[in-house]
Amino acid sequence: MMNFRQRMGWIGVGLYLLASAAAFYYVFEINETYNKLALEHIQQHPKEPQEGTTWTHSLKGAVKRQALYACSTCTPPGAEPAGICLACSYECHGSHRLFELYTKRNFRCDCGNSKFKNLQCKLLPEKGKVNSGNKYNDNFYGLYCTCKRPYPDPDDEIPDEMIQCIVCEDWFHGRHLGAIPPESGDFHEMVCQACMNHCHFLWAYAPQLAVPALTKANSLEDEGIVLNVEESEEQKKEIKKESGVEHQEVKEEKQTEQFNEPSTSSGSTCAEIVTKSEEPVCKLKELQSKQFLKKDTATFWPSNWRSKLCTCADCLKMYSELEVQFLTDEYDTVLAYENKGTSDQETDRRDPLMDTLNSMNRVQQVELICEYNDLKTELTDYLRRFADEGTVVKREDIQHFFEEFQSRKRRRTNRMQYYCS
C-alpha cells in the first residue's frame, strides 16, 4: 500500500501527464483542421502571390527589399564589397564586426560566395560565385554621404539627421543635400542631387508634387541664392499663368474652328472625337511643355507621389533605360516595407489554434469540447491504474492510450446514423 505522500505524488504526475496529453490532442485535432482550411485557401486562390519574406529567399534569390549588414571582419576596406542577410549575421557572423546597412532593394545575400575567401555559409553552403544583380556603394565599407564619412562619426560634432536617397539608397547628412530639408514629418522620401541629375525628368514633376525645401539663410551667400530662387519662382509663376492663358485661347480657337467646319457626315465626326479622347496622354510631356526650374539640390517627396508618375509606354521605356522602374512601385518604399513588417508581427502574435477554433461553427465547437471531456475522463481513468499499482507511466503507454482512443473514436463515428428513421 502507498502512503498519502506517494499517492499525492502519483496524482501530481498524472495531472501533469493529463495536461500534456490534452494539449497534444488539442494541437493534433486543431492543426488537422487548420491544414484543411489552409489547403482550401490555396485551392481557392491558386494565383495569389506568395512573395517570400524570410531569410531563405534571400539565400536562394534576390529579395524585393530586406535589411542588410556588412561584415568588416570578412570584407575589410580594399576587399570586394559584400552584403549579408539578417539570418547570416546571426548564424555565420555572430562574433564578427558588423555594421547595419538598413534596407536595400533586389539584393541577394553574399555570405559564403567568392567574396568570402575562407567562410562557408552555414545556412546554404552551395551558392553561386557572385550575385551579378546586386548593387554596391560606399555604404558596404561603412562610409556614407558625399563626405564619405562613417556614421556615427566620432569626429563630427554637428548634430545632423541622416536621410536615405530612394534611388541610389545612399545616406546623406541633411546639410549636404544642397537645400535645408523640410521637417521630417512633412516628407517621406528624398532624391539626392546626383540622382536628380540622373533622373532629370523628375524636375518636371517637382513643382507640383515635391515638398518645398526650407529657405532659411545662414550667410550672405545663402541669402543671395534664396533671393534668386524666389525671383525665379515668381517669374515661373508668371510664365505659367501666361502660358496657361495662351493655351486656353488656342484651345478655344481650335474648338471654334472645329464647330464651324462643314461636315458631310455627323456620325464620322463623332467617331473622330471619341477616338481623340481615348488616346493616352503623357503626363510628363504636358509638364515638360511648361516652364520649370532645375536646381543643384536634392528634392523631397510626399508619401503618395509615386502613384502620380506617368505610366505610358514611352515613360515606362524611359524608366527601364534609366533602371528606375521601381519608382512606379508604391510597395518598393521603405514605409511599405515597415508596414509589412508590422503586419507580419501582428500575424505572428496571433494564435492560429484559437483563430481556427473561432472559425468553427457552434456545432463543431461543441463537438470539440465533448471530445476533450471524453479524453479527460478516459485519460484520468487510465492513469489511475498506474497510480494504484505504483508503476511508472512510459512513453509507450501514452502512445498505446491514444491509439486506443482514436480507435474507439472511429468506431463511434462509424456507428453514427446519417439518415432519418
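Model, not experiment: these values are computed from the prediction.

**Quick word on unusual backbone geometry**
Thinking step 1. Omega for the peptide link from Tyr151 to Pro152 comes to -5°, which places this bond in the cis form.
Thinking step 2. Residue placement: Pro152 occurs in the loop between strand E2 (98–107) and strand E3 (162–164).
Thinking step 3. Even without being a glycine, Lys148 presents a positive backbone phi close to 55°.
Thinking step 4. The partly exposed category is assigned to Lys148, whose relative accessible area is 40%.
Thinking step 5. Residue Glu169 is not a glycine yet carries a positive backbone phi of 65°.

**A short note on the packing of aromatic side chains**
Thinking step 1. Applying the stated rule across the entire model yields 11 aromatic pairs.
Thinking step 2. Taken together, a centroid distance of 5.5 Å and an interplanar angle of 70° make the contact between Tyr102 and Trp171 edge-to-face. Here Tyr102, found in strand E2, pairs with Trp171, found in strand E4 (residues 171–173); they are 69 residues apart in sequence, far enough to count as distant.
Thinking step 3. The exposure class assigned to Tyr102 is partly exposed, which follows from its relative accessible area of 26%.
Thinking step 4. Relative accessible area serves as the criterion here: at 18%, Trp171 is assigned to the buried category.
Thinking step 5. An aromatic cluster is built from Tyr382, Phe386, Phe401, Phe402 and Phe405, whose rings are joined through pairwise contacts.
Thinking step 6. Geometry around Phe326 places Arg105 over its ring, the cationic atom sitting 3.6 Å from the centre.

**As for helix H12 (residues 362–389)**
Thinking step 1. For H12, spanning 28 residues, the distance from its first C-alpha to its last is 41 Å, which sits close to the expected 40 Å at 1.5 Å a residue.
Thinking step 2. For H12, the full list of buried residues reads Leu368, Glu371, Leu375, Leu379, Tyr382, Leu383, Phe386 and Ala387.
Thinking step 3. Backbone geometry just after H12 places Gly390 at a positive phi near 75°.

**A few points about the environment of Asn139**
Thinking step 1. Within the secondary structure layout, Asn139 lies in the loop between E2 and E3.
Thinking step 2. The residues contacting Asn139, other than those within four sequence positions of it, are Phe99, Leu101, Lys104, Tyr144, Glu169, Asp170 and Trp171.
Thinking step 3. At a separation of 3.1 Å, a polar atom in the side chain of Asn139 contacts the side chain of Lys104.

**Structural notes on the side chain of Thr333**
Thinking step 1. Note on placement: Thr333 falls in the loop between helix H9 (313–322) and helix H10 (334–349).
Thinking step 2. Residue Thr333 is classed as buried on the basis of its relative accessible area of 10%.
Thinking step 3. From its side chain, Thr333 meets the backbone oxygen of Glu330 in a polar contact 3.1 Å long.

Conventions we followed
- Residue positions within a chain follow its written sequence, with the count starting from 1.
- Only residues with pLDDT of at least 70 are given local features in this predicted model, and only at 80 or more are side-chain atom pairs given and counted; all residues enter the totals for whole chains, interfaces and linings.
- With hydrogens and water excluded, all non-hydrogen atoms of the structure serve as input to the side-chain values.
- Numbering of helices and strands runs from the N terminus, with a helix taken as a DSSP run of H or I at least four residues long and a strand as a DSSP run of E at least two residues long.
- Accessible area is worked out with a 1.4 Å probe on protein chains only. A residue is then buried under 20% of its type maximum, exposed over 50%, and partly exposed in between.
- For this analysis, a ring pair means two rings from Phe, Tyr or Trp (six-membered ring only for Trp) whose centres lie within 6.5 Å, classed as stacked if their planes differ by under 30 degrees, edge-to-face if by over 60, and tilted for the remaining angles.
- By definition, being over a ring means that NZ of Lys or CZ of Arg is both within 6 Å of the ring centre and within 35 degrees of the ring normal.
- Given the number of residues in a helix, its expected span is that number minus one, multiplied by 1.5 Å.
- We call two residues in contact when some of their heavy atoms are within 4.5 Å.
- In protein, a polar contact means a hydrogen-donor-capable atom and an acceptor-capable atom, both N or O and within 3.5 Å, with residues adjacent in sequence counting only if both atoms are side-chain atoms; elsewhere, any N or O pair within 3.5 Å suffices.

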